[in-house]
Amino acid sequence: MKNVGVWDRIIRLISGMALLSMLVFVNGTWKYVGLLGIPLILTGALGMCLVYRILGVRTCSAKV
């Protein structure tokens, strides 16, 4: 069941790619913060967020 809307997905994909790029462009221990981009990219690509499901939040306009 999808619970992530179009704009939410776009924002998640863009911010996920930006965070993931930190693995390449940032030196030191801060580069590993870029790993936080992986769940953002996954939820943006799949359209389903587990945290939204637990909290009962839907940004998707599709009817249940």
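Preceding this section is the structure that the text describes.
Residues numbered from 1 in each chain as written. Predicted model: local features only at pLDDT ≥ 70, side-chain atom pairs only at ≥ 80, totals over all residues. Heavy atoms only, no water.

**Student:** Where do I start with the overall build of the protein chain in this structure?
**Tutor:** When you go through the protein chain residue by residue, the secondary structure sums to three helices and zero strands. For the protein chain, the α and β elements follow one another from N to C terminus as α-α-α. The C-alpha atoms of the protein chain give a radius of gyration of 13 Å, which is well past the 11 Å a tight globule of 64 residues would have. Counting only C-alpha atoms, the protein chain reaches 45 × 20 × 10 Å along its principal axes. Expressed as a percentage of its 64 residues, the buried residues of the protein chain come to 23%. Entry remark: accessible area of the protein chain is about 4700 Å², with carbon and sulfur atoms responsible for 75%. (Helix = DSSP H or I, 4+ residues; strand = E, 2+ residues; numbered from the N terminus. Rg over C-alpha atoms; globule rule 2.2 N^0.38 Å. Buried < 20%, exposed > 50% of the residue type's maximum accessible area, 1.4 Å probe, protein only. Areas by Shrake-Rupley, 256 points an atom, 1.4 Å probe, with all protein chains shown as cover.)

**Student:** Please clarify how the environment of Met 48 should be interpreted in this entry.
**Tutor:** Considering the arrangement of structural elements, one finds Met 48 in the loop between α2 (37-46) and α3 (50-55). Residues Met 48 and Gly 28, spaced 20 residues apart in sequence, show a C-alpha to C-alpha distance of 32 Å.

**Student:** Before we go on, may I ask you to explain the pattern of salt bridges in this structure?
**Tutor:** Proximity of charged atoms lets side chains of opposite charge pair with each other. Applying the stated rule across the entire model yields one salt bridge. In this structure, the salt-bridge partner of Arg 12 is Asp 8, at a minimum N-O distance of 3.1 Å. Taken together, the positions of Arg 12 and Asp 8, both in helix α1 (residues 6-25) and four residues apart, correspond to about one turn of that helix. Neither Arg 12 nor Asp 8 differs from the other in exposure class; each is buried. (Salt bridge = Lys/Arg side-chain N within 4 Å of Asp/Glu carboxyl O.)

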